[in-house]
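So the chains spell out like this:
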Amino acid sequence: MATIGLKMVYTGLKASDGSVVADADKGLDATGVFAIDTDKAKGNLGTKTANITGLSGTPTKIDGNNETVDISNPPASPSVAIDSNLINYVVKEKILGRVSDSKGGYVDGDVLPECGLIVEAQSPVTLDSIFFCFGRGTFNEAGQNIQTNTSTAETRDDDNLTYAALNYSKFVDAKGNSHPFKIYHATDAAFDKKAMFDEIFPGQTYIPAGTTTGTTGD
C-alpha cells in the first residue's frame, strides 16, 4: 500500500465486552479515543513511525510426485512497531497494563489490556487519508535506552512500543471468518468515518454523529 507521511495514531482501551472505555479515569479519554497528537499540553509530541509488519502470512509450497502441487497461505499476524517522540505518560502506562500505586509509581498489572489501534497515513496522489485499523491487540515495551547528554548534543530516547494485533470479530470475510486488520480508504465513495471509528472503538464519541467522510483537512 503506497502512502505518504504519518498523519495520526489513535488508540483506546477496550472493556471486557469489546466496547471502548469512554471514561477519562478508567480509560484513556472521555471520548474513548486518544489521539497521539502534537499537543504539548496533552503530553504528546507526535509519532515518527508506525512500522506495520505481518499483513500477510508467508506462503509455503506443497510438493508431491516431484512437483509443486499447491500453496499453503497462512493467516496474517500483524504487529505495529510505534516510535513516538512522546506519549502522555499516564496513557502509556495504561495501555501497557501498568497499575498506579497512587504515589506516582507504576507496576506491571496481572493482565495486558486489549486496545484498538488506527494508524492514519495519506495517499501520495490525492492526500486523502488511508487508515490501517486493528480492532484488538496488546501493547508492550521491550526496553528504554537512556543515554547521557554531551557538551554539544541533547540525547533523547523515544517512546517505542510494539502492538500485537489479534483477530477481531467485526472484521469478517464472506465466509464469516474473523481477521486481525482492515484498511479503509477515505477516497472511496462509500467511506464513512464515524462508522469506521464505531467499528474499531464501539461506544466512542471522538467522531461525532453526522461525520461521514474524511478529507485532507481532517
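Everything below is about the structure shown above.
As the structure is a prediction and not an experimental result, all values here were calculated from the model.

This part is about helix α2 (residues 193-200). Those residues of α2 lying buried are K193, M196, F197, E199 and I200. The buried side chains of α2 occupy one side of the element, clustering within an arc of 160° when seen end-on. Tucked inside the fold, the buried residues of α2 contact β1 (4-13), β9 (115-122), β10 (129-140), β12 (168-172) and β14 (182-185).

With 23 residues, the main nonpolar core has V80, I82, I95, L117, F134, F139 and Y163 as its most contacted residues. Counting residues per element, this core draws most heavily on β10, at four residues. With residues near it in sequence (within four places) discarded, V80 still touches A50, N51, I52, L117, V119, F134, L161, T162 and Y163. Ranked by size, the runner-up nonpolar core spans 18 residues in total, among them Y10, F131, Y168 and F201.

Moving on, we get to the pairing of β9. Walk down a regular strand and you will see the side chains alternate between the two sheet faces. β9 sits mainly inside the fold: eight of its eight residues count as buried. The two faces of β9 match: C115, L117, V119 and A121 on one face and G116, I118, E120 and Q122 on the other face are all buried. Looking at chain direction, β1 and β9 are connected through seven bridges and run antiparallel. If you follow I4 over to β9, its bridge partner there is Q122. Bridge count between β9 and β10: seven bridges; the pairing is antiparallel. Bridging across to β10, A121 finds its partner in I130.

It is worth spelling out empty space enclosed by the protein at this point. Counting across every chain of the model gives one cavity of 30 Å³ or more. Taken as a whole, the largest cavity holds about 40 Å³ of empty space. Taken together, V9, T11, I36, I82, I87, I95, L117, F139 and L161 form the lining of the largest cavity. In the lining of the largest cavity, the residues fall into eight nonpolar, one polar and no charged.

For the rest of this paragraph, the subject is the environment of A76. Its location among the elements puts A76 in the loop between β5 (67-72) and β6 (79-84). Taking relative accessible area as the criterion, A76 reaches 22% and is therefore assigned partly exposed. Each C-alpha atom of the pair A76 and G54 lies 5.8 Å from the other, and the pair is 22 residues apart in sequence.

Okay, the side chain of E120 next. By the secondary structure assignment, E120 is in strand β9. Once residues lying within four places of it in the same chain are set aside, the contact partners of E120 are L6, K7, M8, Y10, S129, I130 and F131.

Within the secondary structure layout, T152 lies in the loop between β10 and β11 (159-165). By relative accessible area, which is 77% here, T152 ends up exposed. C-alpha separation for the pair T152 and N85, spaced 67 residues apart in sequence, amounts to 21 Å.

What follows concerns unusual backbone geometry. Trans peptide bonds make up most of the peptide bonds, and negative phi angles are found at most residues other than glycine. If you check the backbone angles, S102 has positive phi at about 65° while not being a glycine. Relative to the helices and strands, S102 resides in the loop between β7 (98-100) and β8 (106-108). The backbone of L127 sits at a positive phi, close to 65°, despite the residue not being glycine. Along the polypeptide, L127 turns up in the loop between β9 and β10.

The rules we used
- Residues numbered from 1 in each chain as written.
- Predicted model: local features only at pLDDT ≥ 70, side-chain atom pairs only at ≥ 80, totals over all residues.
- Heavy atoms only, no water.
- Buried < 20%, exposed > 50% of the residue type's maximum accessible area, 1.4 Å probe, protein only.
- Helix = DSSP H or I, 4+ residues; strand = E, 2+ residues; numbered from the N terminus.
- Arc of directions from axis to C-beta.
- Contact = heavy atoms within 4.5 Å.
- Core = buried A, V, L, I, M, F, W, Y, C linked by side-chain atoms within 4.5 Å.
- Pairing = 2+ DSSP bridges.
- 1 Å grid on protein atoms, 1.4 Å probe; cavity = no way out; pocket = protein on both sides within 12 Å on 5 of 7 lines; lining within 4 Å.
- Points joined across faces, edges and corners; volume = space filled by probe spheres on them.
- Nonpolar A, V, L, I, M, F, W, Y, C, P; charged D, E, K, R; others polar.

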